[in-house]
Structure formats: C-alpha cells, structure tokens
Amino acid sequence: MRVRLTIVAAMATLLSSIGLYPLFEGTGWVWSGSGAILVVAVAGALSRRFRLPSAAGPVVALAALLLYFTVRYAPGQALLGIVPTPGSLDRLRELAGDGWTAANRYAAPVPPGAGIELLATLGIAAVAVMVDLLAVRLRRAAPAGLPLLALYSVPAAIREESLSWVAFALGAAGFLGLLLADSREQVGSWGRAVSGRRLTDEAPGERPRARTLMATGRRLGLAAVTIAVTVPTVVPGVHPRGPLALGGGGGQGGSQTVTTPDPMVSLKRELTRQSDQVVLTYRTDDPAPDYLRLYALDRFDGDRWIYSPLQSSPRDRVAGRNLPSPPGLLTARSRAVTTRISVADRVRNMTFLPAPYAPSTVSIEGDWRVDGPSLMIYSLRESAAGRDYTVTSVRTEPSPDQLARAGSPGLEVMHQHTRLPADIPPQLRRLADQVTAGARSPYEQALKLQRWFTETGGFVYDTTTTAPRGTSDLVDFLQGSKRGYCEQFAASMAMMARMLGIPARVAMGYTSGSRGTGDEWVVRSRDAHAWPELYFEGAGWMRFEPTPSGPTGQGSATVPSYTREDADGEQRTQQGEQTADSPSPSGAEESPTPGRGPDRRTDNGDTSAAPDLEAGSENGPPVGWIAAVPLVLLILAAPMAARLLARRRRWSQVAVPRPAPGGRPGPASGGRVPYGPPPATDPAGAAHAAWRELRADAIDHGLTWRAADSPRATARRLAESLEPGSPAVAALERIARAEERARYAPAPGPADTLREDVRTVREAFGAAVNRRARWRARLAPPSTMESFRKTGSRALDVLDRLNATRLRAFLHRLTRRP
Amino acid sequence: MAIGTHGESSVNPPVPARGASRDGGPGLSGLAQVATKIRDAVESVIEGKPRAVRLALTVLLAEGHLLIEDVPGVGKTMLAKALARSIDCSVRRVQFTPDLLPGDITGVSAYNQELREFEFKPGPVFANLVVGDEVNRASPKTQSALLECMEERQVTVDGTTYPLEPPFMVIATQNPVEMEGTYPLPEAQRDRFTARISMGYPDPSAELEMLDVHGQSSPLDRLTPVADAHDVRALIDVVRRVHVAPGVRQYAVDLITATRRHPDLRLGASPRATLQLVRAARAYAALDDRDYVVPDDLQALAVPVLAHRLLPTAEAQVERRMPEQVVAALVDRLPVPGPGR
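Computed from a predicted structure; not experimentally measured.

What follows covers the overall build of chain A. A tally of helices and strands in chain A yields 25 helices and 19 strands. Counting all 818 residues of chain A, 39% fall into the buried class. When contacts within chain A are restricted to residue pairs at least 6 apart in sequence, those whose partners lie at least 24 apart make up 74%.

Okay, structure coming up:
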C-alpha cells in the first residue's frame, strides 16, 4: 500500500498548491483542494490495497473525484446527494463555465466563487492524480516533480512577478520530502543487512545506514533549497526587490505590482477598427470637456512608452476620500469639474477608469485604487464595464504667460520625466533644436513643437501605419514618411520635449467625444487617443495636442485653449511676452528671468545630461558587475584575512614572551621576560594558543584532526606526515607536551619556544603536502570556515532531531493504524 | 640507590618511597626506577610481551587484581609467577580444581589437641601475591570465597575476621570460557578484577628466543627479587597522589556512561569500574614517570579495564561484535577533554 509514500506525495502536492495563493482571494480553494488531494490519496491507497493494475489507479482516482465534486458542488442535483446524475453533471459544467468566465474576466487575485473554486480544485486534483500515479504507483518520484512544478508555474506565468520565496520553499520542501521518502523506501526494500540493532536514538554507536543516508539527503536538500532561495536575492538584477522581500511594500495587507496588457497595442486596435461602438457616455458641468484619461505613460524604454510599475496596496483605495493633489499645480488658475460617466456593458478589460485630469474624488463601487504620482485610477480585479461613477476633477486653466514664466521643475520630476535611452540618434536632437529655434521658454518650445507637428511640419494623419517599434521608426516618422497616427505624434512630441529638457509623458484615453442628445457626451471606440502631457511648475501636467484634428486627423481632438494660436491667443502670448519683456522689467522680469534664463541653459544642458543620466542607469548592470568584481575578490580574500587575523589575535591574547634575541629564555617565574604579561596564566594560555594554531594549520593543509585524539596521539599521527627526525617533529612534540601539561597537569610547562615551534611545524606541513594543498592553505584556509560550518551543522542537527523523533513517531503512528 | 639489594628482608624503608612522601617529583622518579627494575625482571622471563607486563604492574600499583585469560600454554602462570618472584614478598599459589573447597583458600579452624582449642590455619590467601591458577575450573562456591577476600581484603572464618596484609593482589588465570570443564566467572565477580589481559601467542622471533633460554633451565629459577612489599606499599602511596585533572575525570565518566548507553551492550560498566579505571590510569601515568593523568592513559586502559565487565546483547554476540571492539570504538570516537577546566 505504501502508506508513507502516499502520505508524503499528498503532502508534496498540498505544499506545492500553496503556490497558487496569489491567484485567488479567500481560502476556500485551499480546503476544497486539500479535500481533493485527500480523496486522490485514499483512492490511490485503496486501489493499491486491492492490487488493481497500474492503469486502474487514475481511473479509480478520477471516479472518486467525480463523487467528491458531486458531493461538494452539486449535492442538490445528485441522487442521494452523492450519485452523479445528468443534472448534477450539468450543474458542475455550469459552475466550471462560470469559473472560466470569471477567470477570464478578472485579473488575479480572482474573487472567491464556487466556479473559481471548482476550477482550482480541478487543477489541484489533476496534479494530485499525476503525482500519485508517478511517485507512488510507478515509483518515479523525480518525474513527479513536473506536475508539481506545473502547479507552481501557473501563478508565476500569469503574474509576471515572482512568487514569494516562502511559497517556493514550501513547494520545494514538499518535493524533496517526496524524493527522500521514495529513496528511503527503495533502500528499505533492499532489506536489512544482518545488522539487527536496537533503535535507541541517543546511542552514540553507529546508526542504521538508512538513517544516515536520510540525514545526508536531508542536509543536501536543505542546502539546495536554501541556495535556491537566497542566491537570487543576493545576485544583482535577479530579484527586483530587496532580499527576501515577502510580497513587497509591507504596508497594510502588502502591495503588489499591477500589470495590464500593453495599452498601446489596444489603442492601435481600437483606432484601426474605426468603430462607432459607444464606449462610454458622460454628463459634465464643463462646457468644453477635457479628454478622459486612462493611462499616463511616463517611461520611454527605447521601444515604447510604458508606465512605471504600480505599487498597489489597500491604502490606495479611492473610496470616500480625496485623491492626492495633482503634482505641480500650485499657482495656476483651476476650477472643479464634475463628470458623471457611465461605461458601456460590453467594454472588455477596462481595469483603468477613464477620468478627466486631474481627478480629486471618485465615487464608484468596488475596490478601485489610485496611483499617487500619475493619478491613474485602476483596479486589480474589477472592470469598469457597465459602471456608473462620478469624478470630480480639477481643471487647470493657466494663462499662457503663466506657463511661459514657469520656473524650473523640481529635481525629482525632472529626473524621472526627462530620461531617454542612450541610443537616441543625434539628428533627432538637432531636429528638436531646429524646430524650436528662437523659443525663449520651455512653453514656447512646446508651442513650436505642437505647431510643427500640426501645421508646419507637413505631417499626415494615417491610421494604417504600423505601430512604431523603437526609435528608428520614430526617426522615420519624424524625418521620412511623416505619416502616423496619434501614437506617433504623442510619442514623438513627448520624446522631443524630453530632449529639450521639458518633463513629458504620454497620456492615453479618449478624447472628449461628441455631444449626443441633450447634455450627454458620447465617447466611441474611434475616440481613443494618445497625447503628450508636459509639466510646468505651478500648473502641473498640461495637455498638448500634436495630432492633427478635424476630418483629416483625429476627428474629435481639440487643441487646449492655452496653446491655441488663434488671434486671441496669439495676442495674449505676445502680450505676455511683451509684458515680460518691456513694461515691467523691474517686477515681472526680475523674478522670473533668473529662473528663465538659466532655465533655458539648463534645458540645453539637460538635453545632453539627460541621456547621460540614462546611460548611467542603462549601463547599470555592467557597472554593478564591475562593482561586483572587487566584492568577489574581497569575499575570496576573506578566509585568508580571517586566518591571519585569528593568528594574530591568538598570539596577542596570550602575549607569549618571545625568547630574547641571543639570550636564553628565562624561567617562567623569573623576571627576565622583557615585556611582562602576567606569567601566572601565560604558559597555559600560550600552550592553548599554540595548539589551536597547530590545529588550524593542520586543517588548512588538509591533514586530519580527530577530536578523539589526545595531544600526544595527535602529535604522533601528524608526525607521520613529516620527515622523521626533523626539527619539526621535535617542535611538534614540544607543542603537544606543552598543551598536554596545560590541560591535564597541575602546573603547565614552559612555553617559551612555542611560537617558533608552530612556525617550524607550519613550514614542515607546507613542505609535506602537495602544491595544491599548500596553496589552499595559504589562500583559502579551510579552518576559517569551521565556525560557520559548525553553526550550520548544529542547525542541521536540530533539524535531524526534529525529523528523526517527531516526524518518525508521527508517521509510525499513522502507519500502524490500518 | 639501595633498591636493588632488597632481596633479603629489609628493615629500612626504601629511599625513593620516603622521598615520595615529601614531594611528588623524586618519589615519582624513584617509582619509575623501581618499576623499571620489576618490569625488566619480569620481561626476562616473559619474552616479547611488554604490554602485558606493564598492565600487570599497573594493576599491582593500582591495588587491584588481575585476570589473565588465554588459551593454555601461553605463559599466564609464568607471568604471575615472574611478577611474584621479582618482588620479595609472600607469594602463594593455588591450583583451582573442581574439588577445591572454600576452606582450601581462606584457611580453616582446626582443633588443636594439645592446646585444646580451635586454631586458625590461614589458607593460601594470606599472602601479598596470590596466584590463582585456572580460577574458572573451581566450583562457583570456591570462586566466590576467593572473590570475597579480594574485595574485602579480609577473611572471616568462624566469626573471626582476619585482615589481609597489604599489598594484596590476586592474579587469576583462566582459560577462555568456551573450553571444557570450566565454570565461567559470573559478571558480578569479573567486576572485581581491575583488569583482564590476555597474553596472546608470542611472535615467532620471541618464541625462538624462548626456546634458547628455556631450553637449558627455567629462567624463573634465576629470577631474584628486585623490590619488596615495603617498596610496593610506598609506590602505591605515590600513585595515589598522581594528579587527575577535572577534564580527565569527566572524560572517564563520559567513557563509562557511553558503555551504558551503547546499543550493543546489555550491561554497561559499573561505578566500581569508573573508580578502578581512574586508579589504574594513575598507576599507568606514574609508570610513565608522569605526575598527571592524560587521556592516553585512559585510552590505553579502557579495553583491559572495561571489556570484561560488559555484557554484549544477544544480537551483538551473534554478530561477533565483542565488548572489546565496542570499547575500542568508543575510545576512538569520544572527544578528549580540551583546554579549560
């Protein structure tokens, strides 16, 4: 029946299934899954008990599982609550369908539900059946790791982010337990050698071989798991977070990284479809509503714009509170705008909320969270489909001259939002400078860029172009084809703004759409849009519109009022410039100019500095590795240094009176010792120090050192490896005698020559062993590893004891019970 | 020094022993000298068995009793006699036979017709050295009479107690228990012997030499005493003052405890064994001209002192894992006491 193996296999499956935890909310699936594992184990044990053929094992298990599922999920439709009927099967199928839908709808963690639970249990049960078949029935414990690994890799594959190390360690421990139990069974089946010994745990005598083997196996296994868990956290670049960060941030409930499908891809899909499907409708008190933003992409990695990983925690919930204030908005005029939005039912995968920038309160049901810096509103599991919600936003309406006078942004914003990859072609920089030539402020640069894209640059709006991949496509767009759609325009403008030192990011979402019946606005699929947002100190993130609008462009795109270059706007700008220039040189000029003048220059400086900054972090890994080389050297040199230090410490602690040069060593009690540590304790201490040194030297040179050997026996054995009759042998003898006297005699013997003796013996050791051992003794003396090893082995001993006594007794009791 | 001339009865106490009573050093070296003389004397008779001789001497100085166990004809009795002969003291030899009675050992009270009273006639046990030959041939009753004297160092006959003169040492020889016509000593009685040694066959060269020497006359006859009872008493006194460091005591206790826990042993060593082990180690150290005991002494003595007291389990016996091997393995594994007391 292999009861023990069955139990261990079931435990291994259970432990591995713990790795599924990030996928589900709640713990219902654990109990359900444990039940299924238990059913499989019992079914397997019974089929072995009645000696059914191997192939019958899984069949029996599956039949038992069917009963289990019926009892658990469809007892109402089943005969007597247990016998499956067509009705109960339908019910199960229905539940599975529900689960499948839910699994597709929600991002992990999936909210609890019978369907999801059923699916999870089904998966765990399948793995349990396979593990039982492989490990227990076919006695192939190693391949049984594959289904276990599959169980582990599901969350790893779905979540992109690695699992917590605890889950991994548990799963690995389960598998190791399975391997151990299997090999134990195998060794056991060889039968006992003719060694009938009493099994006393405390016996210092030899233990049965199987047990030593097991202990060795356990130790190896433990070491393997420890290495597997710790090494990735130490090696730079493998683990994104600090060592052993369990789930990250450590706030309430822990935080997790949010990932969604690439927003750019879905944008392209929506645009090219040119569909008139309504995505959402809204009512607003704003006569000219702003765009509805979904994402703010603040990182350009050379290929595409993405948003920085969101660290999400329950603290970020939007319910019943004010959102963080929009970054940078200080002095500019702003007003509150209320928007009531209803999202269409058929919208799929909308886990970010469309909202006019900058949202200040959101009232919506469910667990929606906000990302502080970007004010994106998202959910880990809910979808916006079919929801009605109200957003209050702060709409900034700066005057152009306010923007023109904006001071230089804070360092943090600057640093984060002007980064570009190092390999940006230089002609793009030249182009950016060329386009914005003559501009006197970042704001004017932005205006010139926007105008270049929409009017003077000769760009054509064309949704048939392929999505840009990398900077070369953008170069082609800017200097070659000049054909593209909002993505190219937004991405290029944001990139060029960054080149000019203006903090920029790409926003994605929908334009304000078109007015429907009454005061309702309708946003359709084709209104999907991307646009750049540029940062101005005092006003915050401001929208720009480089994409051509109107019938030949993005139909519903509008140019923000503060960038509008109609006569009025032009006038205003010019007025602003004039006021800045001439009429009030004392007031308006003086305060902003120091900001502005240097600003321009730092801009230029920044355009060249930004890539450098980026280059630094792009070359991060190599730099890390270069830094790692001295570190590795240091680690390698550590044993040698530790050995030297230990030697110095030993001798300095006892401060052995060295023989005066040329003079005879005086008697221990005599006053002839030139520098005098207390002679009363000295000889014994010196003897011990010499002995420890000798021991370390012997171990360093690979000579055996046995705890059961007395000093003189040790000396005798060590002398065998030395040249007989040499001075080293005599020195060895002297050291052993001194130590023996220090340990066992009423009064210790003289210790004058010990330090010399130890040196003599060390040199003799070096001459006696081969070259490899000699160099090892010099460079990586094993004796320094001893204390470490001792601690480790003590820990392992505890583990052994734990296992050997408790677990054995437990298993014993289990197996005794029929 | 005048030690060598103690063939005749000596009135003066030997010089080294006297020195020994004042301070350890000279007494110790004196002991070593006397011991070397005795050893040389015995070894002139027993060829090529220095270890057996040394152990016998150790037991003598440790105030213990010696059990020599081996097949017939390897010189058990010869060793006992040689040791007895080289020390000028009273020596009695008893040949144990199945019909030997307790009274033949301890002595009997006989009615004296002339004095009209019972008179105690001391048995062979009233001697400094008692050589009991083939002790396992006698009946258990007789054996126990001897063993009682060994432990108590006195004889009680008809209600009167007669103390035995120190030094008192019994050297018993026995054939291996498997041989015919033997009553093996029970473990309680084996426990009274400080050490058990076996002679073993001599190596061929020693055997050849033996032929030369023994061919003409018995070397035993030429042996003259090199020390007397007084010397031995003084030596015993020196031995008692040999230093045993606390670590070494702990080591002895650990060793004994280990035998009690060993899975191959049905019966471990007794507290008496601990006592005798340390006492023997003192003597062993003194013979080495050392005034302190080192673990090596205990290691060297562990098998002779402990092995005969231990009872293997039935399984161990079947698989021929003898107590000797068990003790040797324990000694091989037990860490020696380190620095720090």
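On we go.
Here we take up the sheet that holds strand β3 (residues 91-95) of chain B. Residue and element names in this part refer to chain B. Ordered by their spatial adjacency, 5 strands build an open sheet running β3-β6-β9-β1-β10, and the pairing between neighbours is parallel. In this open sheet, the two strands that pair with only one neighbour each are β3 and β10 (195-197). Between one strand axis and the next, the sheet turns by 15° as a mean value, whatever way the strands run.

Across 4 bridges, strand β18 (residues 528-536) of chain A lies against strand β19 (residues 540-543) of chain A in antiparallel orientation. Residue L534 of chain A lies in a different strand from β19 of chain A, and its bridge partner there is M542 of chain A.

This part is about the sheet that holds β19 of chain A. Residues and elements named next belong to chain A. Here 5 strands make up an open sheet; going across it, the order is β8-β3-β15-β18-β19 and the pairing antiparallel. The two strands at the open ends of the sheet, each matched to only one other strand, are β8 (355-356) and β19. Pairing between strand β3 (residues 292-297) and β8: 2 bridges, direction antiparallel. Its bridge partner being in β8, L292 is matched across the sheet by P356. Packed on one face of the sheet, helix α15 (residues 486-499) meets β15 (504-510) and β18 and runs near 15° to β18.

Bringing the interface of chain A and chain B into the picture now. Contact with chain A, which involves 22 residues of that partner, is made by 23 residues of chain B. If you list the elements that add at least two residues to the side of chain A that touches chain B, you get α21 (711-720) and α22 (727-744) of chain A. Its residues placed into classes, the side of chain A that touches chain B shows 10 nonpolar, 5 polar and 7 charged.

Looking now at the pairing of strand β7 (residues 334-343) of chain A. Residues and elements named next belong to chain A. Bridge count for strand β2 (residues 278-284) against β7 is 5 bridges, and the pairing is antiparallel. The partner of T281 across the bridge, within β7, is S342. Of the strand pairs in this sheet, β7 and strand β12 (residues 388-396) are connected by 9 bridges, and their pairing is antiparallel. Residue pairing in the sheet places T338 in a bridge with T392 of β12.

Right, let's talk about the environment of W531 of chain A for a bit. As for its placement among the helices and strands, W531 of chain A is situated in strand β18. Remark: the alpha-carbon pair of W531 of chain A and A507 of chain A, spanning 24 residues in sequence, is separated by 5.3 Å.

Below, the discussion takes up the nonpolar core. Among the nonpolar cores identified, the biggest contains 102 residues, and A56, L66, I171, L277, A280 and A286 of chain B are the most heavily contacted of them. Among the elements that make up this core, the one with the highest residue count is helix α12 (residues 271-287) of chain B (10 residues). In terms of nonpolar packing, the next biggest core, distinct from the first, is built from 83 residues, F300, L310, M350 and Y443 of chain A among them.

Residues and elements named next belong to chain A. In the numbering used here, UniProt assigns the feature "transmembrane region" (unreviewed entry) to residues 29-47, 54-71, 114-134, 141-158, 164-181, 220-238 and 623-642. End-to-end, the C-alpha atoms of residues 114-134 are 30 Å apart, and along that stretch the chain is 100% helix and 0% strand. Secondary structure content for residues 164-181 is 94% helix and 0% strand, while the C-alpha to C-alpha distance between its ends is 26 Å.

All names here are of chain B. Contact pair helix α3 (residues 50-61) / α12: the axes reach a minimum separation of 8 Å and the direction vectors enclose 120°. With respect to their mutual orientation, α3 and α12 come out oblique. Along this stretch, α3 crosses α12, giving a crossing that reads as right-handed. Of α12, the residues touching α3 (which contributes R54, L57, T58, V59 and L61) are A280, A283, Y284, A286 and L287. Looking at side-chain class alone, the contact of α3 with α12 contains 8 nonpolar, 1 polar and 1 charged residues.

On to α15 of chain A. All names here are of chain A. Taking 1.5 Å per residue, 14 residues should reach 20 Å; α15 reaches 20 Å between its end C-alpha atoms and fits that length. The element α15 is extensively covered by neighbouring structure, given that 14 of its 14 residues are classed as buried. Trailing α15 by a residue or two, G501 shows a phi angle of about 90°, which is positive.

Conventions adopted
- Residue positions are counted from 1 within each chain, in the order its sequence is given.
- Following the order in which they are written, the chains are lettered starting with A and the ligands numbered starting with 1.
- Totals for whole chains, interfaces and linings use every residue, but because this is a predicted model, local features are given only for residues with pLDDT of at least 70 and side-chain atom pairs only at 80 or more, for both listing and counting.
- Secondary structure elements follow DSSP: runs of H or I of four or more residues count as helices, runs of E of two or more count as strands, with numbering from the N terminus.
- Each residue is classified by how many other C-beta atoms fall within 10 Å of its C-beta atom, where C-beta atoms are placed from the backbone; a count of 20 or more means buried, 12 or fewer means exposed, and values in between mean partly exposed.
- The contact criterion used is a C-beta to C-beta distance within 7 Å, with each C-beta placed from the backbone.
- Two strands qualify as a pair provided DSSP detects at least 2 bridges between them.
- As a rule, the C-alpha atoms of each element are fitted with a line to give its axis, helices using only the stretch in contact, and angles between N-to-C directions run from 0 to 180 degrees.
- When residue character is reported, Ala, Val, Leu, Ile, Met, Phe, Trp, Tyr, Cys and Pro are called nonpolar, Asp, Glu, Lys and Arg charged, and the others, Gly included, polar.
- In plain words, the nonpolar core is the set of buried Ala, Val, Leu, Ile, Met, Phe, Trp, Tyr and Cys residues that C-beta atoms within 7 Å link up.
- UniProt positions are given in the numbering used here, feature names are shortened, and annotations may be inferred rather than shown by experiment.
- By definition in this entry, angles of less than 35 degrees are roughly parallel, angles greater than 145 are roughly antiparallel, angles of 65 to 115 are roughly perpendicular, and the rest are oblique.
- Crossing handedness: left-handed means the near helix sits turned counterclockwise from the far one by under a right angle, and right-handed means the same turn made clockwise.
- Expected helix span is computed as 1.5 Å times (number of residues minus one).

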